[in-house]
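Commentary on secondary and tertiary structure
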Amino acid sequence: VQLQASGGGLVQAGGSLRLSCTASGRTFSRNVMGWFRQAPGKEREIVAAITWSGGSTYYGESVKGRFTISRDNAQNTVYLQMNSLKPEDTAVYYCAARPPGTVTILSSPAMYSYWGQGTQVTVSS
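A short tour of the structure in this document, coming up. These numbers come from a predicted model, not from an experiment. Per chain, residues are indexed from 1 in the order of the written sequence. Two thresholds apply to this predicted model, a pLDDT of at least 70 for residue-level local features and 80 or more for giving and counting side-chain atom pairs, whereas whole-chain, interface and lining totals are computed over all residues. With hydrogens and water excluded, all non-hydrogen atoms of the structure serve as input to the side-chain values.

Moving on to the environment of D72. Secondary structure counts use DSSP, requiring at least four H or I residues in a row for a helix and at least two E residues in a row for a strand, with both numbered from the N terminus. The residue D72 is located in strand β7 (residues 67-72) in this model. The class for D72 is partly exposed, based on a relative accessible area of 29%. The spacing of D72 and A49 is 23 residues in sequence and 14 Å in space, taken between C-alpha atoms. Any pair of N or O atoms that falls within 3.5 Å is considered a polar contact. Within protein, one atom must be able to donate a hydrogen and the other to accept it, and sequence-neighbouring residues count only if both atoms are side-chain atoms. From its side chain, D72 meets the backbone nitrogen of A74 in a polar contact 3.1 Å long. Each residue gets one of three labels from its accessible area relative to the maximum for its type: buried under 20%, exposed over 50%, partly exposed in between, using a 1.4 Å probe on protein chains only.

Moving on to the sheet that holds strand β8 (residues 77-82). With antiparallel pairing, the four strands of this open sheet are ordered in space as β1-β3-β8-β7. This sheet does not close on itself; its edge strands, each paired only once, are β1 (2-6) and β7. Within this sheet the neighbouring strands show an average axis-to-axis angle of 15 degrees, counted without direction. Pairing between strands is defined by DSSP: at least two bridges between them are needed. Note that β1 and strand β3 (residues 17-24) share five bridges and pair antiparallel. Bridge pairing in β3 links Q4 to T22. For helices, the fitted line uses only the C-alpha atoms of the stretch in contact; every axis is such a line through C-alpha atoms, and the angle between N-to-C directions lies from 0 to 180 degrees.

A separate point is the pairing of strand β11 (residues 119-124). Taking every second residue as pointing to the same face, the buried face of β11 carries T119, V121 and V123, while none of Q120, T122 and S124 on the other face is buried. The pairing of strand β2 (residues 9-12) with β11 spans four bridges and is parallel. Within the sheet, the bridge partner assigned to V11 lies in β11 and is V123. Alignment of strand β9 (residues 91-97) against β11, held across three bridges, turns out to be antiparallel. Considered in β11, the bridge of Y93 is made with T119.

Rendered as structure tokens:
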């Protein structure tokens, strides 16, 4: 699975962005997908994740109620809708995929086998 993330940019606090992650590979629809972020000097942390069916999602505490993850398996794309953005959301955002056939959402980056190149999100105050 190869992943291509896009949609990052500069936005003012309170604004919105939507990130997209397009996957290539026959098994995309069977992967648990996640979005992670990493700010300078900080560890990579999970933002959100979604099962292959879309029936189960997970959100990091700091983004609950503001971010929404979704997927369109027909388009091989996962989305992250980010609303009410805050300066502390500034980071490089990565999409990632667990191995094909996995059904469990896990929060550790080590449990994800495939990674996109990252897209910068900057929120100004």
